[in-house]
Amino acid sequence: MNRKAVRSVPSSSAQAAASLSAAASSMAAAALAASIILSPAAGASARLDGVQADLTRAVQLNQVTAEQAAKFEAKMADRILGEA
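Residues numbered from 1 in each chain as written. Predicted model: local features only at pLDDT ≥ 70, side-chain atom pairs only at ≥ 80, totals over all residues. Heavy atoms only, no water.

Peer 1: I'm lost on helix H2 (residues 44-60) in this one. Help?
Peer 2: Along an α-helix, a turn takes 3.6 residues, which lines up residues three or four apart on a common side. Taking 1.5 Å as the rise per residue, H2 with 17 residues should run 24 Å; its terminal C-alpha atoms sit 24 Å apart, in good agreement. Among the residues making up H2, those that are buried are Leu-48, Val-51, Leu-55 and Ala-58. Buried residues in H2, looked at end-on, bunch into an arc of 85 degrees, giving them a common side. Across H2 from its buried face, at more than 90 degrees, point the exposed residues Ser-45 and Gln-60. Residues of H2 that are buried make contact with helix H3 (66-83). The positive-phi residue at the C-terminal boundary of H2 is Asn-62, with phi of around 60 degrees. (Helix = DSSP H or I, 4+ residues; strand = E, 2+ residues; numbered from the N terminus. Expected span 1.5 Å × (residues − 1). Buried < 20%, exposed > 50% of the residue type's maximum accessible area, 1.4 Å probe, protein only. Arc of directions from axis to C-beta. Contact = heavy atoms within 4.5 Å.)

What follows is the structure, given as structure tokens:
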């Protein structure tokens, strides 16, 4: 049996495995992107609840002051309710 032919099989199978792996991860990324795009948008009240929870946590961690959080929450409420 020719040694050269035997050596090319493992590299070909490795290349094929790499191609399949790349294709699988591309498909997974596409599926995730589609699920995000096609999912219904959260309602305005749910979005505001999330903003408020995030800001409450930021105040607890001393990342922002309560006054800064209140001002930012008001801005976000105007934007979110303006989109609805």
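Peer 1: Would you explain unusual backbone geometry in this entry?
Peer 2: For residues that are not glycine, phi is negative in most cases, and the peptide bond is trans in most cases. Backbone geometry places Asn-62, a non-glycine residue, at a positive phi of 60 degrees. By secondary structure assignment, the location of Asn-62 is in the loop between H2 and H3. Accessibility expressed as a relative area gives 68% for Asn-62, which makes it exposed.

Peer 1: Would you mind going over the nonpolar core with me for this structure?
Peer 2: Buried together is how nonpolar side chains tend to be arranged in soluble globular proteins. Membership of the largest hydrophobic core is limited to 7 residues, which are Leu-48, Val-51, Leu-55, Ala-69, Met-76, Ala-77 and Ile-80. The set of elements that each furnish at least two residues to this core consists of H2 and H3. Of all the elements, H3 adds the most residues to this core, at 4 residues. With residues near it in sequence (within four places) discarded, Leu-48 still touches Met-76, Ala-77, Ile-80 and Leu-81. (Core = buried A, V, L, I, M, F, W, Y, C linked by side-chain atoms within 4.5 Å.)

Don't take any of this as a statement about function, it's just geometry.
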